[in-house]
Amino acid sequence: MKWIFIFLTIFFFTQCKSTKPMIVEKEEVIKKTISFSKSSCFGNCATYKMEIYNKGFVILDALAHNPMQRGIYYKELAPSDFEKISQLQNTIDWTKIDRKYMMNIPDLPTTELKLYFKDSTKNKIVSSNLNPPNEVESMYTLLHNLTKQDKWIEVQKKDDIINPNIMYDRLQVNIDTGMSIQTIETAFKEYGLTQEKRLSQYMNLWEMSYDTSKINKYEMVVFLQRFPGVHSARFNRKLEVRE
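Cut-offs applied
- Residues numbered from 1 in each chain as written.
- Predicted model: local features only at pLDDT ≥ 70, side-chain atom pairs only at ≥ 80, totals over all residues.
- Heavy atoms only, no water.
- Helix = DSSP H or I, 4+ residues; strand = E, 2+ residues; numbered from the N terminus.
- Buried < 20%, exposed > 50% of the residue type's maximum accessible area, 1.4 Å probe, protein only.
- Contact = heavy atoms within 4.5 Å.
- Areas by Shrake-Rupley, 256 points an atom, 1.4 Å probe, with all protein chains shown as cover.
- Axes fitted to C-alpha atoms, helices over the stretch in contact; angles between N-to-C directions.
- Parallel < 35°, antiparallel > 145°, perpendicular 65-115°, else oblique.
- Left-handed = near helix turned anticlockwise from the far one by under 90°.
- Nonpolar A, V, L, I, M, F, W, Y, C, P; charged D, E, K, R; others polar.
- Disulfide = S-S within 2.5 Å.
- 1 Å grid on protein atoms, 1.4 Å probe; cavity = no way out; pocket = protein on both sides within 12 Å on 5 of 7 lines; lining within 4 Å.
- Points joined across faces, edges and corners; volume = space filled by probe spheres on them.

S.K.: Could you give an account of the overall build of the chain, with specific residues and numbers?
M.R.: Scanning the chain from terminus to terminus reveals six helices and twelve strands. In the chain, which comprises 243 residues, the proportion classed as buried is 40%. Excluding contacts between residues fewer than 6 apart, the proportion of contacts in the chain whose partners are at least 24 apart in sequence is 63%. Surface summary for the chain: the accessible area is close to 15,200 Å², and the carbon and sulfur share equals 53%.

S.K.: Tell me what's going on with the packing of helix α2 (residues 79-91) against helix α3 (residues 134-144), and back it up with residues and numbers.
M.R.: Here α2 crosses α3 at 160°, and the two axes come no closer than 11 Å. Of the possible angle classes, the one that applies to α2 and α3 is roughly antiparallel. For the pair α2 and α3, the sense of crossing is left-handed. Contacts from K84, I85, L88 and Q89 in α2 reach E135, S138, M139, L142 and L143 in α3. Residue classes in the contact of α2 with α3 are distributed as five nonpolar, two polar and two charged.

S.K.: Mind laying out the state of the cysteines, listing which residues take part and the relevant values?
M.R.: Counting across every chain of the model gives one disulfide. Disulfide pairing is shown between C41 and C45; the S-S distance is 1.9 Å. Residues C41 and C45 are joined through a disulfide that is right-handed, its torsion about the S-S bond being 100°. Using a relative accessible area of 23% as the deciding quantity, one classes C45 as partly exposed.

S.K.: Help me get a handle on the layout of surface pockets, residues and values and all.
M.R.: Within this model, the largest pocket holds a volume of roughly 350 Å³. Around the largest pocket sit 16 residues that line it, and T33, N54, Y116, F117 and K118 are the ones nearest its centre. Listed by contribution, the elements that provide at least two residues to the lining of the largest pocket are β1 (32-38) and α2. If one sorts the elements of the lining of the largest pocket by residue count, α2 sits on top with five residues. Of the residues contributing to the lining of the largest pocket, the split by class is seven nonpolar, five polar and four charged.

Given below as structure tokens:
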């Protein structure tokens, strides 16, 4: 009898523990620190736009002539890469860097660098197509080399970018069974993320909307995908009628 009582006690507490709701604290506010882009040329120049964030990840819009196919991607930066980028950003005296270094040569692609600081009065934009200062060129090289790395995670492929049935203001968000949808709403309250309806009685899958004036659509998807307890996040789409 004693052993039955002990077994039932252990079973009871084990069951209680397994069904305890997942509690996730709100993360530090995510802020963009760098925007970097390269325009097209008459040849096969790599064309893309990337955004780097203070949490150590980057979102890439790969437009043409990149190692990966056309699409939207993101990746977590290696701590060493993020440290190099941050250190260079904060050690260059940007007050001595001009706004433009441009030559009137039509075929040269334009590189644009935007830097964001805690003190927004120090924010800087540098555009060039030829012979920027050495320290700026070093930053260009460091950022461009990120596109040559692997482990990029696809957010949206080329065909979906031009698909008219994609609903960019609606998301399908699949979360852990132990997490409440209110946890997600609270964590992303500043973006107006709100549940619309549950999409499955078997999965913790929800349709959600957000304020498109407060956050870029790809940022919203990536921020959600990185959040603990979120299994997947993607844009919803209109039902396609089959003939």
